[in-house]
Amino acid sequence: MSFQRKQASPVFRQIGESGSRIYFLNGRDVDMGKGAGSVSIIGVAYGPTSIFNAGKGGKVKLTTRIQNYFRKLKRNRVKKRITANPHTLEEVVELMKREYGAEEVSQQSHNYLEQKQSLKASLVMRHRPDLLGELMDLEPPEGEDVEALKALWEQVQEREKMAAEIADDIFPVDFHIYAIKCPENCMMQIGVETVWQVIDGSFSGDKKTMKQLRKLFKKIYLYYGVTAEDIKNETERYKSLLGVLCS
C-alpha cells in the first residue's frame, strides 16, 4: 500500500506555572485546569490522549460565549494577514538549527519514545482508524463517575499501545524532536514528522516565558507557511497555520 504526504497539523502540549496542561482526546484538545470541574474542550488538534471531565451542568457560560465571539473576530483578522510564503519541513529544521541553536533529541530517550508513541496513536486515528477496530470510537462518560473515567483511561492507553505496535511497513512514522535553548527553568521542543507532515510544539516555563515561547513557536510555524493554493482552497496546512496564529 502506498502513502501520500499530508499537510502539517499542529499539536500543542503546554505546561504553565499554574500547573494547567493541554491534553487531547479523539482529536479534541482539553484544558486541564487547577481543579476538578474546571476542564473544558477548547478547540481541535491531533495529539496524545488523556482524560477530562466536563464542567457541572454542561452549560456554556456567558463569559465563554463572549470569549468565543472575540476569538471569531481575531480569527477573521488573522485570515486577512496570511500570505503565501511556503517552506519545507527540511527548511524549517535548518532555520531552527541556524537561528535558535536547535539540537536533535536522542531517539533512545524516554521523552522521545513517549512522544512518538502518542503522536503515532493520533496519526493512526486520523489516517488509518480501521487499524484500531472498536477502540477507535471512545466517548467520555457523562458526569463525573470516577470508575467510568478510569475505565475510559484504560481503553485510551490500550488504544495508544495498539497504535504504537503497528509495524512501520503498515503505518510508517519518521519523527524527530529538536530542543531549542532557552533561559533556565524553561523548555521548548519542536517535533517534526516527515511522512505525515506534522509540526509539534511543546514548551513550559513561567507566565512571561510561556508568552515568549508561544510567540517563537508561531514565528517558526509561520516560516513553514502556506502556498497560494492552500489559501485559496483552505487546505489542512492553511487551517493548521490559522489555528496556530490564533492560539
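Note that the structure is a prediction, hence the values are computed from the model and not measured. (Residues numbered from 1 in each chain as written. Predicted model: local features only at pLDDT ≥ 70, side-chain atom pairs only at ≥ 80, totals over all residues. Heavy atoms only, no water.)

1. Regarding unusual backbone geometry
- Non-glycine residue Q197 carries a positive phi angle of around 60°.
- Mapped onto the elements, Q197 comes out in the loop between β7 (187-193) and β8 (198-204).
- Phi at E234 is positive, roughly 50°, even though this residue is not glycine. (Helix = DSSP H or I, 4+ residues; strand = E, 2+ residues; numbered from the N terminus.)

2. Digging into the packing of helix α2 (residues 89-100) against helix α5 (residues 207-224)
- Axis separation between α2 and α5 bottoms out at 9 Å; the angle between their running directions is 140°. Judged by the angle between their axes, α2 and α5 are oblique. Between α2 and α5 lies a crossing whose hand is right-handed. Touching L89, E91, V92, L95, M96 and Y100 of α2 are L216, K219, I220, Y223 and Y224, all from α5.
- Of the residues that constitute the contact of α2 with α5, the class distribution is nine nonpolar, no polar and two charged. (Axes fitted to C-alpha atoms, helices over the stretch in contact; angles between N-to-C directions. Parallel < 35°, antiparallel > 145°, perpendicular 65-115°, else oblique. Left-handed = near helix turned anticlockwise from the far one by under 90°. Contact = heavy atoms within 4.5 Å. Nonpolar A, V, L, I, M, F, W, Y, C, P; charged D, E, K, R; others polar.)

3. Description of the packing of helix α1 (residues 62-81) against helix α7 (residues 236-246)
- Contact geometry for α1 and α7: axes closest at 10 Å, N-to-C directions at 120°. If you check the angle between α1 and α7, you find them oblique. Every pair of crossing elements has a handedness; the one defined by α1 and α7 is right-handed. Contacts between α1 and α7 involve K74, R75, V78 and K79 from the first element and Y238, L242, L245 and C246 from the second.
- Of the residues belonging to the contact of α1 with α7, the class tally is five nonpolar, no polar and three charged.

4. So, the pairing of β7
- Among the seven residues of β7, six are classified as buried, and the element is accordingly described as predominantly covered.
- Relative to β7, strand β6 (residues 175-179) runs antiparallel, the two being bridged by five bridges. Pairing of I177 across the sheet is with G191, part of β7.
- Strand direction decides the pairing type here: β7 and β8, joined by seven bridges, are antiparallel. Counted as the bridge partner of M187 is S204 from β8.
- Hairpin connection, β7 to β8: the antiparallel pair is bridged by four residues, and Q197 has positive phi, about 60°. (Buried < 20%, exposed > 50% of the residue type's maximum accessible area, 1.4 Å probe, protein only. Pairing = 2+ DSSP bridges.)

5. Considerations on the pairing of β8
- Most of β8 is tucked away, with seven of its seven residues classed as buried.
- Burial along β8 is two-sided: the face carrying V198, D200, S202 and S204 and the face carrying I199, G201 and F203 are both buried.

6. Some thoughts on the nonpolar core
- Core analysis: the biggest nonpolar cluster contains 29 residues, and I82, M96, I180, M188, I190, F217 and I220 have the highest contact counts within it.
- For this core, the elements supplying multiple residues, two or more each, are α2, β7, β8, α5 and α7.
- Other than its neighbours up to four places away in sequence, M188 contacts Y178, A179, I180, C182, S202, F203, L213, L216, F217 and I220. (Core = buried A, V, L, I, M, F, W, Y, C linked by side-chain atoms within 4.5 Å.)

7. Remarks on the side chain of Q115
- Along the polypeptide, Q115 turns up in helix α3 (residues 110-127).
- Engagement of the side chain of Q115 in a polar contact is seen with the side chain of Q189, the distance being 3.3 Å. (Polar contact = N/O pair within 3.5 Å; in protein donor to acceptor, adjacent residues only side chain to side chain.)

8. Comments concerning the packing of aromatic side chains
- Taken as a whole and assessed by the stated rule, the structure comprises six aromatic pairs.
- Ring centres 4.7 Å apart and planes at 10° place the aromatic pair F171 and W196 in the stacked group. Linking F171 in the loop between α4 (146-164) and β6 with W196 in the loop between β7 and β8, this pair joins segments that are 25 residues apart in sequence.
- Given a relative accessible area of 4%, W196 falls into the buried group.
- An angle of 75° between the planes, with centres 5.9 Å apart, marks the rings of Y221 and Y224 as edge-to-face. One end of the pair, Y221, and the other, Y224, are both in helix α5, three residues apart, so they sit about a helical turn from each other. (Phe/Tyr/Trp six-rings, centres within 6.5 Å; stacked < 30°, edge-to-face > 60°.)

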